[in-house]
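Next come the chains, spelled out residue by residue.
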Amino acid sequence: MINIKNLTFGYRPKQMVLENLNLQIKPGHIYGLLGRNGAGKSSLSHNICGLLFPVSGTCQVSGEIPAGRDPKFLQQVYLLPEEIYLPNVSIKSYLDIYAPFYPAFDRDMFYRFILEFDIPKEHKLQDMSYGQKKKVMISFALATQAKVLLMDEPTNGLDIPSKKQFRKIIAGVIKDDQLIIISTHQVKDLDSLIDYVLILEDKQIILNQPVENITEKLAFKQVINLDEVASPIYNEGALKGYAVVAINHKKENSRLDMEMFFNALLSEKQLVLSQFN
Amino acid sequence: MDFNNTQAIYLQIADYVCDKIQLKVWKEDEKIPSVRELAVMLEVNPNTVMRSYEYLQHQEIIYTKRGMGYFAQANAAKSILKTRQQQFMNEELPLLFKKMQLLSIPVTELQNRYEQFINQKNN
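Residues numbered from 1 in each chain as written. Chains lettered and ligands numbered in written order. Predicted model: local features only at pLDDT ≥ 70, side-chain atom pairs only at ≥ 80, totals over all residues.

## Digging into the overall build of chain A
Turning to step 1, where the next piece is worked out: In terms of helices and strands, chain A carries 10 helices and 12 strands.
Turning to step 2, where the next piece is worked out: Rg of the C-alpha trace for chain A: 20 Å, near the compact-globule value of 19 Å for 277 residues, within the 12% margin.
Turning to step 3, where the next piece is worked out: Oriented by its inertia axes, the alpha-carbon framework of chain A measures out at about 65 × 45 × 35 Å.
Turning to step 4, where the next piece is worked out: Buried residues in chain A amount to 39% of all 277 residues.
Turning to step 5, where the next piece is worked out: In chain A, 65% of the contacts between residues at least 6 apart in sequence involve partners at least 24 apart. (Helix = DSSP H or I, 4+ residues; strand = E, 2+ residues; numbered from the N terminus. Rg over C-alpha atoms; globule rule 2.2 N^0.38 Å. Buried ≥ 20, exposed ≤ 12 C-beta atoms within 10 Å, placed from the backbone. Contact = placed C-beta atoms within 7 Å.)

Dropping the structure here:
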């Protein structure tokens, strides 16, 4: 569904943010895009939806070139940015203005999400709190039924019950022909939803793996002594002993700890990546 | 649902399904929730539930009827009980023994405690 080849992108001529980046993405999955601050996550998603253009290389999304900004393409891609600016109108007027850009927009679905998120629907958008605005926009994004949905830190600003609602809503709507890419630092909020992990580092996607592959190669464990683990790769001191990432010799079925995995990958890059080649 | 941090989520979901069947909340030869319904209920990716259901099919705990969804096998509760007993004997008991040895607790002491526990439960 997304096919990126040797994509290079930068805001200034001699300072590239992404360099020779390659990425293939399939529909029907929820991808978690992880990377440090300033790694280029937003630049990448802006290239995918046609807001920014590659300096060189190709970016293909659903068979189209995003930079061409063909309305037919734009109708099926939606980007939910982290910072949102909304006009001072009611929810209904907002729908009247923006929903027509998305032919598959489902108003009933939108109002169902608004209800589930407990948003008073007669309020004007600017009278709402940051979290409420965010929930309106998440509902809008999902109701577009866009084939490619890019979300930047969607759970930022959401209260505790809303995070739960968010997970339920996403689990209920994702379709086989749809793709959701969530870039986030709040991995604990979303790690039960994400089934593919993308890691952006050194201007490239250095890892693109399904969660089940990661836990097949690596074991995530809590131990009292480090010598209990054969082939540890990375560890962090925890309250009682250590949290460890190790090579999964014994074919254990451990649960992926995304934060630990990310830290392990950044600190032991070659060793971790070599498990996947 | 609160998942623990150690075991793969798809196995925890499989365990959850087994709990329901063993406790007869979901009855044998009856339809169990669809992949989508369970994903929403547990706030997980439907693909993960799919993997759990495939795993349970392989274990012959559930089966699928074309176009009708998933059903609990006729003798599922019994076979889950059997598997769990084996699991207890092979995995949990050695850990308990290790701890008992460490704390010098004789097996006879357990016998009394267990009888007390059963009596209390029955009263």
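## Digging into the nonpolar core
Turning to step 1, where the next piece is worked out: Within the largest apolar cluster, 98 residues are counted, with the highest numbers of intra-cluster contacts made by A:Leu149, A:Ile180, A:Ile194, A:Val197, A:Leu198 and A:Ile199.
Turning to step 2, where the next piece is worked out: By residue number, the principal contributor to this core is helix 1 (residues 9–22) of chain B, which donates seven residues.
Turning to step 3, where the next piece is worked out: The residues contacting A:Ile199, other than those within four sequence positions of it, are A:Leu34, A:Gly35, A:Ile205, A:Ile206, A:Leu207, A:Phe262 and A:Leu265. (Core = buried A, V, L, I, M, F, W, Y, C linked by C-beta atoms within 7 Å.)

## Points about the domain arrangement of chain A
Residues and elements named next belong to chain A.
Turning to step 1, where the next piece is worked out: What the domain assignment reports for chain A is domain 1 (2–201) and domain 2 (211–274).
Turning to step 2, where the next piece is worked out: Spacing between the C-alpha centres of domain 1 and domain 2 amounts to 30 Å.
Turning to step 3, where the next piece is worked out: The dominant element in the side of domain 1 that touches domain 2, judged by the number of residues it contributes, is strand 8 (residues 196–201), at three residues.
Turning to step 4, where the next piece is worked out: Residue composition of the side of domain 1 that touches domain 2, by class: five nonpolar, no polar and three charged. (Domains from an automatic or database assignment. Nonpolar A, V, L, I, M, F, W, Y, C, P; charged D, E, K, R; others polar.)

## A short note on the interface of chain B and chain A
One widely used convention gives an interface's size as the accessible area the parts lose upon coming together.
Turning to step 1, where the next piece is worked out: If you look at the interface, chain B gives 16 residues, while chain A gives 17 residues.
Turning to step 2, where the next piece is worked out: For the side of chain B that touches chain A, the secondary-structure elements that each account for two or more residues are helix 1, helix 2 (35–42) and helix 3 (46–58) of chain B.
Turning to step 3, where the next piece is worked out: Tallied by class, the residues present in the side of chain B that touches chain A amount to eight nonpolar, six polar and two charged.

## What to know about the domain arrangement of chain B
Residues and elements named next belong to chain B.
Turning to step 1, where the next piece is worked out: Under the domain assignment used here, chain B contains domain 1 (9–75) and domain 2 (77–122).
Turning to step 2, where the next piece is worked out: Using only C-alpha atoms to locate each centre, domain 1 and domain 2 end up separated by 28 Å.
Turning to step 3, where the next piece is worked out: Residue-level contacts link seven residues of domain 1 with five residues of domain 2.
Turning to step 4, where the next piece is worked out: Of the residues that constitute the side of domain 1 that touches domain 2, the class distribution is three nonpolar, two polar and two charged.

## Quick notes on the sheet that holds strand 4 (residues 56–61) of chain A
Residue and element names in this part refer to chain A.
Turning to step 1, where the next piece is worked out: Pairing is antiparallel across the open sheet formed by three strands, whose spatial order is 2-1-4. Of all the strands in the sheet, the pair left with one neighbour each is strand 2 (15–25) and strand 4. Taken pair by pair, the neighbouring strands of this sheet meet at an average axis angle of 30°, ignoring direction.
Turning to step 2, where the next piece is worked out: The pairing of strand 1 (residues 2–12) with strand 2 spans seven bridges and is antiparallel. When the sheet's bridge partners are listed, Leu7 is paired in strand 2 with Leu21. (Pairing = 2+ DSSP bridges. Axes fitted to C-alpha atoms, helices over the stretch in contact; angles between N-to-C directions.)

## A short note on the packing of helix 6 (residues 160–173) of chain A against helix 2 of chain B
Pairs of packed helices are described in terms of their axes, by the angle between the two and the distance that separates them.
Turning to step 1, where the next piece is worked out: Packing of helix 6 of chain A against helix 2 of chain B brings their axes to within 7 Å, and their N-to-C directions diverge by 165°. Judged on the interaxial angle alone, helix 2 of chain B and helix 6 of chain A are roughly antiparallel. Seen along the crossing, helix 6 of chain A lies across helix 2 of chain B with a hand that is right-handed. Taking contact as the criterion, the partners of A:Lys168, A:Ala171 and A:Gly172 in helix 6 of chain A are, on helix 2 of chain B, B:Arg36, B:Ala39 and B:Val40.
Turning to step 2, where the next piece is worked out: In terms of residue class, the contact of helix 6 of chain A with helix 2 of chain B is built from three nonpolar, one polar and two charged. (Parallel < 35°, antiparallel > 145°, perpendicular 65-115°, else oblique. Left-handed = near helix turned anticlockwise from the far one by under 90°.)

## Structural notes on the sheet that holds strand 11 (residues 232–237) of chain A
The pairing of strands in a sheet comes from backbone hydrogen bonds and takes either a parallel or an antiparallel form.
Residue and element names in this part refer to chain A.
Turning to step 1, where the next piece is worked out: Spatially, the three strands line up as an open sheet ordered 10-12-11, and their pairing is antiparallel. The open sheet is flanked by strand 10 (218–223) and strand 11, the only strands paired with a single partner. Shown here is a sheet whose adjacent strand axes are inclined to one another by a mean of 20°, direction ignored.
Turning to step 2, where the next piece is worked out: Judged from the six bridges that link them, strand 10 and strand 12 (residues 242–247) form a sheet pairing that is antiparallel. Opposite Lys221, over in strand 12, you have Val244 as the bridge partner.
Turning to step 3, where the next piece is worked out: Where helix 9 (residues 258–267) meets the sheet, its contacts fall on strand 10, strand 11 and strand 12, and the angle it forms with strand 11 comes to roughly 120°.

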